[in-house]
Amino acid sequence: SSGINAEYGSSPGAREALEQLKELILTSFGNKETEYRGYEKYGPLPSVVLDNKSSFVIQALIKVLTKSELESLYTEHFKPVVVPLSLHPVGNYTVQTLLEHAPTRNIAEELVTQVVEILEDLLAESATGVVVAAIKACHHHSLPCDVVVELRKAFHLPETDSSQFFRCLMSMTTYDVLLEKMEATKKPTQSGKPRRDRFEATLTGSLLLQALFSLGKIAELEEGVCGLSEDHIVYLCTNPQSSHAIQAFLTSLTIPDSTKHRFIKTAVYVMDKLAVTAPGSHIVEAAWRSADMDIKSSIAQVLVEKEQAVKDSKYGAIIWRNCHLKQFKTGGVKAVEDSERRKKRKVDQFLDL
């Protein structure tokens with residue numbers, strides 16, 4: 001679509017061809033609106049958006065239509081079927097594109113309102129992309145509908161308790177079921193040993209949290225993230241799925257450093273375990289960039305104490321270099337500051353070339 005966009009604005013021939021393509025596709029909407037076989041529960045939908053191949057063309061078309069054209073296409077063909085289309089395994093990608101490129105604030109609000117009404121169904125169908133697109137649309141258009149509040153309702157969280165919201169999202173488990181599982185861990189095993197409180201992570205939950213963190217939606221989640229135990233931090237930060245959510249939290253430009261520091265001060269004690277894994281090493285670097293010098297000194301101390309294990313790992317060796325641990329070992333935190341300052345000066349000189 002980016003190629004089409006470039007040609008559309010510069011080449012008369014391409015512009016004419018695109019206009020013909022647009023007319024052909026738009027005509028197909030009027031002629032081919034039929035019930036899609038095998039997906040009767042979705043009702044009558046434009047078949048052109050349900051096919052794996054042709055749906056990509058529709059998504060590209062949405063990106064290059066003028067505001068008036070897109071508004072007309074939405075009103076005539078998409079508005080009546082947003083709900084079933086959102087639940088369709090292929091059609092939901094078109095809804096995501098509509099949310100991303102909504103031509104007006106009113107249309108964005110209409111789309112988000114319909115998505116919110118079926119939020120639990122979308123989560124059950126793993127149509128996370130539609131929910132993420134709705135969250136971003138709310139933020140972009142400053143809509144009154146708060147998807148975070150609706151997510152709380154979908155997971156049955158009481159208004160008085162936000163401590164488990166992060167865990168409910170990450171595990172895609174409702175509040176009441178989560179409490180039952182947590183209560184079950186308090187019962188000892190048959191051998192009398194205590195059960196471990198295992199934290200569950202899902203790709204769907206991680207994607208939702210990445211979207212929320214990237215937009216700074218932390219108020220409802222802060223208690224859950226910053227209250228994680230060391231065991232849970234190790235699990236989440238070394239899990240290839242959940243680690244991306246933690247990394248999004250640490251690298252978000254809209255989450256205050258003070259909030260990140262609350263998390264890092266607990267994570268410090270397990271940095272040596274994170275540094276030697278592929279997902280965990282990214283968390284260590286993200287935490288290092290977000291930390292102040294006091295916290296960096298604590299991180300460095302933990303890693304230096306496990307020097308051999310860290311350096312023996314290919315991921316740990318990268319951490320050793322990027323976090324200036326050689327300098328810390330010989331000159332302390334002052335040497336790290338000097339090394340980082342020199343590195344920044346070289347980068348700035350390179351960018352000025």
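Residues numbered from 1 in each chain as written. Predicted model: local features only at pLDDT ≥ 70, side-chain atom pairs only at ≥ 80, totals over all residues. Heavy atoms only, no water.

Enquirer: Tell me about the overall build of the protein, and name the residues and values.
Expert: Looking only at helices and strands, the protein has 23 helices and two strands in total. Per-residue burial for the protein yields a buried fraction of 46% across its 353 residues. In the protein, the proportion of contacts linking residues at least 24 apart, taken out of those at least 6 apart, comes to 66%. (Helix = DSSP H or I, 4+ residues; strand = E, 2+ residues; numbered from the N terminus. Buried < 20%, exposed > 50% of the residue type's maximum accessible area, 1.4 Å probe, protein only. Contact = heavy atoms within 4.5 Å.)

Enquirer: Just give me the short version of the packing of helix 15 (residues 230-238) against helix 17 (residues 257-267), but keep the residues and values in it.
Expert: Following both chains from N to C, one finds helix 15 and helix 17 inclined at 100°, their axes separated by 9 Å at the closest point. Here helix 15 is positioned roughly perpendicular relative to helix 17, judged by the angle of their axes. Note on element contacts: helix 17 touches helix 15 through Phe-263, Thr-266 and Ala-267, opposite Glu-230, Ile-233 and Cys-237. Tallied by class, the residues present in the contact of helix 15 with helix 17 amount to four nonpolar, one polar and one charged. (Axes fitted to C-alpha atoms, helices over the stretch in contact; angles between N-to-C directions. Parallel < 35°, antiparallel > 145°, perpendicular 65-115°, else oblique. Nonpolar A, V, L, I, M, F, W, Y, C, P; charged D, E, K, R; others polar.)

Enquirer: So what about unusual backbone geometry? Which residues, and what values?
Expert: At His-156, a residue that is not glycine, the phi angle is positive and equals roughly 60°. Given the relative accessible area of 41%, His-156 is considered partly exposed. Positive phi, normally seen in glycine, also occurs at Met-172, with a value near 55°. Structurally, the position occupied by Met-172 is in the loop between helix 11 (165-171) and helix 12 (175-184).

Enquirer: Residue-level account of the pattern of salt bridges, with values.
Expert: Inspection of the entire model under this criterion finds eight salt bridges. Residue Glu-150 pairs with Lys-153 through a salt bridge whose shortest N-O separation is 3.7 Å. Placement of the pair is Glu-150 and Lys-153 together in helix 10 (residues 147-154), with a separation of three residues, close to one helical turn. Here Lys-181 and Glu-200 are joined by a salt bridge, their closest N and O atoms 3.2 Å apart. (Salt bridge = Lys/Arg side-chain N within 4 Å of Asp/Glu carboxyl O.)

Enquirer: Report on the confidence of the model for the protein, specifying residues and quantitative values.
Expert: Across the protein, pLDDT averages 83, with 82% of residues at or above 70. pLDDT under 50 marks residues 1-9. Its contacts with residues more than four places away, or in other chains, come to 14 contacts. Under a pLDDT of 50 for its full length, residues 32-38 has, in the predicted model, 14 contacts with residues more than four places off or in other chains. (pLDDT = per-residue confidence, 0-100.)

Enquirer: Tell me about the packing of helix 6 (residues 92-100) against helix 9 (residues 128-141), and please be specific about residues and values.
Expert: The interhelical angle for the contact between helix 6 and helix 9, taken along N-to-C directions, is 5°, at an axis separation of 9 Å. The orientation of helix 6 with respect to helix 9, classified from their angle, is roughly parallel. Across the interface between the two elements, Asn-92, Val-95, Gln-96 and Leu-99 from helix 6 touch Gly-129, Val-130, Ala-133, Ala-134 and Ala-137 from helix 9.

Enquirer: Which residues make up the side chain of Glu-285, and what are the values?
Expert: Inspection of the secondary structure assignment puts Glu-285 in helix 19 (residues 278-290). At 3.1 Å, the side chain of Glu-285 forms a polar contact with the side chain of Asn-322. If sequence neighbours within four positions are ignored, Glu-285 has contacts with Ile-318, Ile-319 and Asn-322. (Polar contact = N/O pair within 3.5 Å; in protein donor to acceptor, adjacent residues only side chain to side chain.)

Enquirer: How would you explain the packing of aromatic side chains if you had to name every residue and give the values?
Expert: Note on aromatic pairs: each is described by the distance of the centres and the angle between the planes. Evaluation of the coordinates by the stated rule reveals two aromatic pairs. When the centroid spacing of 5.7 Å and the interplanar angle of 80° are considered together, the rings of Phe-249 and Phe-263 count as edge-to-face. Residue Phe-249 is located in helix 16 (residues 243-251), and its partner Phe-263 is located in helix 17; the two are separated by 14 residues in the primary sequence. What links up through ring pairs into an aromatic cluster is the set Phe-213, Phe-249 and Phe-263. (Phe/Tyr/Trp six-rings, centres within 6.5 Å; stacked < 30°, edge-to-face > 60°.)

Enquirer: Got a sec to walk through the side chain of Ser-162? Specific residues and values, please.
Expert: Tracing the chain through its elements places Ser-162 in the loop between helix 10 and helix 11. In terms of polar contacts, Ser-162 uses its side chain to reach the side chain of Arg-152, at 2.8 Å. Discounting residues that sit within four places of it in the chain, Ser-162 has contacts with Arg-152, Glu-220 and Glu-223.

Enquirer: Just give me the short version of helix 10, but keep the residues and values in it.
Expert: Every buried residue belonging to helix 10 is among Val-147, Val-148, Leu-151, Arg-152 and Ala-154, and all of these are buried. All buried residues of helix 10 lie within an arc of 160° about the axis, which places them on one face of the element. Of the residues trailing helix 10, His-156 is marked for its positive phi of about 60°. (Arc of directions from axis to C-beta.)

Enquirer: Tell me about the nonpolar core, and please be specific about residues and values.
Expert: By size, the foremost hydrophobic cluster in this structure holds 101 residues, and its most contacted members are Leu-99, Leu-151, Phe-166, Phe-213, Phe-263 and Met-271. Beyond its immediate chain neighbours, meaning those up to four positions away, Met-271 contacts Ile-264, Val-284, Ala-287, Ile-299, Val-302 and Leu-303. (Core = buried A, V, L, I, M, F, W, Y, C linked by side-chain atoms within 4.5 Å.)

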